[in-house]
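# Observations on chain architecture
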Amino acid sequence: MPDQPGRTPLFADRVFQAVTALTFVDVALFVLQEYIGRLWPSSVDWLLMMAVVVPTLMLCRRVQTDPASAPAVRTYWRTVRIGIYFFVGVIGLRFLHESGAGGWLLPASVALHVAGGLVLTWPLIGLPLSVRSRAQKVAVWLDLGTLSAAAALLIWHFAASCQFAGGQVTMAGVLSAAVIMGAGLNVVYLGARVVLAGVDSFARRGLYWIAASALIGALGSAVSFLDPRQPDGNPLVVVLPLAAYAAAVGARVQVVDTAAGARPRRAPRGYSLMPYVAIAAVDAMVIHQNLRGTGTGLLIDMVAVALTALVVIRQLIAFRQNDALLARIGVQENRFRLLVQNSTDMVTITEPGGVLTYVSPAAHGILGTDPGEMIGTALAGRMHPDDVATVTGRLAAVAAAPGSTATYQLRLRHADGTYRWLEVISANLTGEPSVGGVVSNARDITETREVRDRLSYEASHDMLTGLVNRALFGKRVAAAVTAAPDRPVSIVLVDLDGFKIVNETFGHGTGDALLVHVAERIRASVRPTDTVARLGGDEFAILFEGAAGTDVDLVLTRIATTLLEPAVIDGEPMTVRASFGVVDGRGGDDAGDLLRQADIAMYEAKERGGGGFERYRPGMETRGAERGRRAAALHTAILEDQLVTFFQPVVTLPDGRMTGAEALVRWQHPTEGLLGPGAFIDTAEQTGLIVPLGAWVLRAATREAATWPGELTVSVNVSARQLRENGFPDVVAAALRDSGLPARRLTVEITESVAVGGGATGDNLQKLRDLGVRLSLDDFGTGASTLTLLATCPVHQIKLDRSFVPDGGSDAIATAVVQMAHAFGLEAIAEGIETAEQAAHLTGLGYERAQGFHFARPMPAADLRDRLAGAAVRQPAS
């Protein structure tokens, strides 16, 4: 009983050591008494037998109570314990009988012996076979029949027929022959059942010891009962301890193997040796009969013929099973071939050295090359030069470790000379004889890469001018101040003077053309290494690395002069004046401080009348006194209700049905009249008044929207400062509660830069969504427009910025935005619609909501109520 590595040794258990030693002593004493005669009264032999059975019961109980064993295993060993208890009774009765307690005890012990044997035999009969199909079951029963017939012949010829020696037939001989035949066939049947058992929860070698216990117990008992020396030379004295010891070994093996964990399943053979062993045994008897001329030749020949017929039938069934198996293999092989041949993915097999040995037909569709031409060549010859080193290293690592896998991307040359991007998964299957190489599955991701690169570009560049956007500019400033200590760095913020007038006079199309013109003039006036960005609206920025002071002043003078040169924009001659704010820094400065100081300098330039540049100087912040006075007046306006809420309708496309309105704040100044948000929002942002101002607008908008009929919604713009306030969701909840407006009818509009704020901003956005308030990304496309933002920010809709509304030009961004919105299950709204043509175009692109002057200008609440009382908004404002 050798132990396998990883298993606890069998003899590590003291109880098992004890039962082994006691069995050895018992057998040795039996053999000794057979040669020299009795050493003590026969009753003592039965007491020695009890010494073997008791530790066997203890080992069986361990299996029965082992929580790691399967329920079926524990149930089986409980039955074994019950059967052994029967034999404890047998031993007790035989001890009393041998001690002279009474003659009736012997037949009682025999009856108890037979009952115990049945109890031990029954669970073996119930072991399921390891076959499933009907044909397999028929084949197994034929094998069992063949084996049983051969066994019956052998048992009869060598054992049972001896009971009729001399041709005399007696009742005792018939009973003896029946016992021998029954016990022998039972042992053969039980042994075959154990060998064919399909119970994975049983330890396989434990089953073999169970079969050995049954063999010893059944045959040994039959021989013992028929032994003519009974009761003086009773073989049961040694048979029962040996059977008990075999059961003890099986129990111990079951515990050890269960503790060792999962065992590898034995691969089943596709054939059975049992019928051939049976035929060989009977053929040997035929030869023996022919040579010796025994008197049982006819019986042997009849059994041989019967067994031959059974084996022929069994072989025919095997042929039929083989045909069915080959048919299934053919179907599966054909299915696999069709899948590979019709797959859009290219499958290749390469030798560890990199030479292609198989290429699937998909190679023609992906690379435009016949697969046969690629076989025998190296894939490295088709790779993009920039990918060769990296991909070769990855493939070498995979080839060096059988079973390893790797995922990577590379470019392969197409037949037309271009390169296609492929995503490849390679697996080392050199250990598989049917493959013998590295299998790679390649998927064409060229279009995906192009879309990703385009979206990445759009996320970091202004799509109108092609300049770097605010996000990328901030990153480059941060990189510049950390690149080298004390290296000069200059940042310039540029704001166009009077640009709003251009938009209002000539329209946004002309304004956009002017912005493109300005971007080109600025870019042409700086070095290739300088960074020019559009931060949004009419605000530009320039980053000079390695330049400062006079050098920067010369460039700014050149830019200002260039912008003042007349240019024809959409048929209109125009000149542009700009205000420049400059800050000089060095490596190691804080990027945020530099940007803030440049902004201060730019506002100083604008307040000086525009058309020039100001360099930041310490103490320049104190020049914001006027902005302070403006802030004080704004604070008074909030307290004294000098603010007025206007509303611009949001309508459906194409029918123009009003679905809600956006709330827009105005300031009814006591002396300056009605002021738009441009006159005070910046001051509110800079002084923090945006928080109470925003709260005022929120309360006014929800109060007014609560009077609107149906499910009309109201949209309110919220600043980054408001969203950073911990109590902002409570402010929204209070406004909804006081006005009675359902949360679902309120939409909070935020910009993209606000959406990526994280921290308290992210928490507040989630809390607003939990309240039931709808969230909208305003001016989408002008900030950090990324797929990650749409995937992580909990918004319900996005609003296409007016600068991307197509007006005879490219509609790529408008199309991409609505497609992304639909892909993420969001609502897309286009703002800044000024013409019927724009509305129709956006409808065709898939936009379902819009707002703009074409439908209605912002209006006081009373005018909107009058409009709601009439027809739906369909026509442009007069």
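Residues numbered from 1 in each chain as written. Predicted model: local features only at pLDDT ≥ 70, side-chain atom pairs only at ≥ 80, totals over all residues. Heavy atoms only, no water.

### A short note on the packing of aromatic side chains
Taken as a whole and judged by the stated rule, the model has 4 aromatic pairs. Here phenylalanine 16 and tyrosine 245 contribute two aromatic rings whose centre-to-centre distance is 6.1 Å and whose plane-to-plane angle is 20°, an arrangement assigned as stacked. With phenylalanine 16 in helix H1 (residues 14–36) and tyrosine 245 in helix H8 (residues 236–259), this pair connects stretches of sequence that are 229 residues apart. With relative accessibility at 0%, the residue phenylalanine 16 sits in the buried group. Overall, the relative accessible area of 14% leaves tyrosine 245 in the buried class. Through a chain of ring-to-ring contacts, three or more aromatic side chains come together here, namely Phe11, Phe16 and Tyr245. (Phe/Tyr/Trp six-rings, centres within 6.5 Å; stacked < 30°, edge-to-face > 60°. Helix = DSSP H or I, 4+ residues; strand = E, 2+ residues; numbered from the N terminus. Buried < 20%, exposed > 50% of the residue type's maximum accessible area, 1.4 Å probe, protein only.)

### Topic: the nonpolar core
Nonpolar side chains in soluble globular proteins tend to end up buried together. With 73 residues, the main nonpolar core has Phe647, Leu693, Val714, Leu746, Leu800, Leu842 and Tyr847 as its most contacted residues. Counting residues per element, this core draws most heavily on helix H22 (residues 690–705), at 8 residues. If we skip the residues at most four places from it in the chain, leucine 842 touches Leu653, Leu800, Val805, Pro806, Ala814, Ala830, Ile833 and Tyr847. Of all hydrophobic cores here, the second largest spans 36 residues; its members include Val239, Ala244, Ala248 and Val256. (Core = buried A, V, L, I, M, F, W, Y, C linked by side-chain atoms within 4.5 Å. Contact = heavy atoms within 4.5 Å.)

### Remarks on unusual backbone geometry
The peptide bond linking leucine 653 to proline 654 adopts the cis configuration, its omega dihedral lying at 10°. With respect to the helices, strands and loops of the structure, proline 654 is situated in the loop between strand E13 (643–652) and strand E14 (658–669). Unlike most non-glycine residues, aspartate 641 shows phi in positive territory, near 55°. Considering the arrangement of structural elements, one finds aspartate 641 in the loop between helix H20 (625–639) and E13. Exposure remark for aspartate 641: the relative accessible area of 53% places this residue in the exposed category.

### A short note on the packing of H22 against helix H24 (residues 728–739)
It is the contact of H22 with H24, at a shortest axis distance of 9 Å, that shows an interaxial angle of 30°. Of the possible angle classes, the one that applies to H22 and H24 is roughly parallel. For the element pair H22 and H24, the recorded crossing hand is right-handed. Seen from H22, the contacting residues are Ala695, Leu698, Arg699, Thr702 and Arg703; seen from H24, they are Val731, Val732, Ala735, Leu736 and Ser739. Looking at the contact of H22 with H24 residue by residue, the class counts come to 6 nonpolar, 2 polar and 2 charged. (Axes fitted to C-alpha atoms, helices over the stretch in contact; angles between N-to-C directions. Parallel < 35°, antiparallel > 145°, perpendicular 65-115°, else oblique. Left-handed = near helix turned anticlockwise from the far one by under 90°. Nonpolar A, V, L, I, M, F, W, Y, C, P; charged D, E, K, R; others polar.)

### Regarding the sheet that holds strand E12 (residues 613–615)
Ordered by their spatial adjacency, 5 strands build an open sheet running E7-E8-E6-E11-E12, and the pairing between neighbours is mixed. In this open sheet, the two edge strands, each paired with only one partner strand, are strand E7 (531–536) and E12. In this sheet, neighbouring strand axes are inclined to one another by 20° on average, regardless of whether the strands run parallel or antiparallel. Direction of pairing for E7 relative to strand E8 (residues 539–545): antiparallel, over a ladder of 5 bridges. If you follow threonine 531 over to E8, its bridge partner there is leucine 543. Along the sheet, helix H15 (residues 470–483) makes contact with strand E6 (488–496), E7, E8 and strand E11 (578–586), crossing E8 at roughly 20°. Those strands touched by helix H17 (residues 508–525) are E6, E7 and E8, and its axis lies near 10° from that of E8. (Pairing = 2+ DSSP bridges.)

### Thoughts on the pattern of salt bridges
Summed over all chains, the structure comprises 19 salt bridges. Notably, a salt bridge pairs glutamate 614 with arginine 617, separated by 3.7 Å at the nearest N-O pair. Owing to a relative accessible area of 34%, arginine 617 belongs among the partly exposed residues under this scheme. Where glutamate 827 meets arginine 774, a salt bridge forms, and the shortest distance between an N and an O atom there is 3.5 Å. Linking glutamate 827 in strand E20 (residues 827–831) with arginine 774 in strand E18 (residues 774–780), this pair joins segments that are 53 residues apart in sequence. Residue glutamate 827 is classed as partly exposed on the basis of its relative accessible area, which comes to 23%. Of the residues examined, arginine 774 reaches a relative accessible area of 22% and is grouped as partly exposed. Linked by salt bridges that have partners in common, Glu662, Glu749, Lys799 and Glu831 make up one network. (Salt bridge = Lys/Arg side-chain N within 4 Å of Asp/Glu carboxyl O.)

### Let's talk about the side chain of glutamine 838
Within the fold, glutamine 838 resides in helix H29 (residues 836–845). The buried category is assigned to glutamine 838, whose relative accessible area is 7%. What glutamine 838 contacts, discounting residues up to four positions off in sequence, is Val805, Pro806, Asp807, Gly832 and Ile833.

### Digging into the side chain of threonine 747
Structurally, threonine 747 can be placed in strand E17 (residues 746–751). Classification of threonine 747 as buried rests on a relative accessible area of 2%. Beyond its immediate chain neighbours, meaning those up to four positions away, threonine 747 contacts Val714, Ser715, Val716, Arg774, Leu775, Ser776 and Gln797.

### A look at the packing of H1 against H8
Packing of H1 against H8 brings their axes to within 10 Å, and their N-to-C directions diverge by 160°. Relative to H8, the element H1 is oriented roughly antiparallel. Of the two elements, H1 crosses H8, and the hand of that crossing is left-handed. Facing Phe16, Val19, Thr20, Thr23, Asp26, Val27 and Phe30 of H1, the residues of H8 in contact are Val237, Val238, Pro241, Leu242, Tyr245, Ala248, Val249 and Arg252.

### Remarks on H1
With 23 residues, H1 ought to run about 33 Å at 1.5 Å a step, and its terminal C-alpha atoms sit 33 Å apart, in line with that. Taken as a whole, H1 has its buried residues at Val15, Phe16, Val19, Thr20, Thr23, Asp26, Leu29, Phe30 and Gln33. The inward-facing, buried residues of H1 contact helix H2 (42–64) and H8. Two or three places before valine 15, at the opening of H1, aspartate 13 has a side-chain oxygen 3.1 Å from that residue's backbone nitrogen. A positive phi of about 95° marks glycine 37, the residue just after H1. (Expected span 1.5 Å × (residues − 1). Polar contact = N/O pair within 3.5 Å; in protein donor to acceptor, adjacent residues only side chain to side chain.)

### A word on a nonpolar patch on the surface
Residues Val31, Leu32, Tyr35, Ile36 and Leu39 make up a contiguous nonpolar surface patch of about 530 Å² in total accessible area. Tyrosine 35 sits in the exposed class, given a relative accessible area of 73%. (Patch = residues over 30% accessible without salt bridge, like charges linked within 9 Å, V, L, I, M, F, W, Y side chains within 5 Å. Areas by Shrake-Rupley, 256 points an atom, 1.4 Å probe, with all protein chains shown as cover.)

### Regarding the environment of tryptophan 104
Within the fold, tryptophan 104 resides in the loop between helix H3 (71–98) and helix H4 (105–125). Residue classification places tryptophan 104 among the exposed residues on the basis of a relative accessible area of 59%. Along the chain, tryptophan 104 and leucine 93 lie 11 residues apart, while their C-alpha atoms are 9.6 Å from each other.

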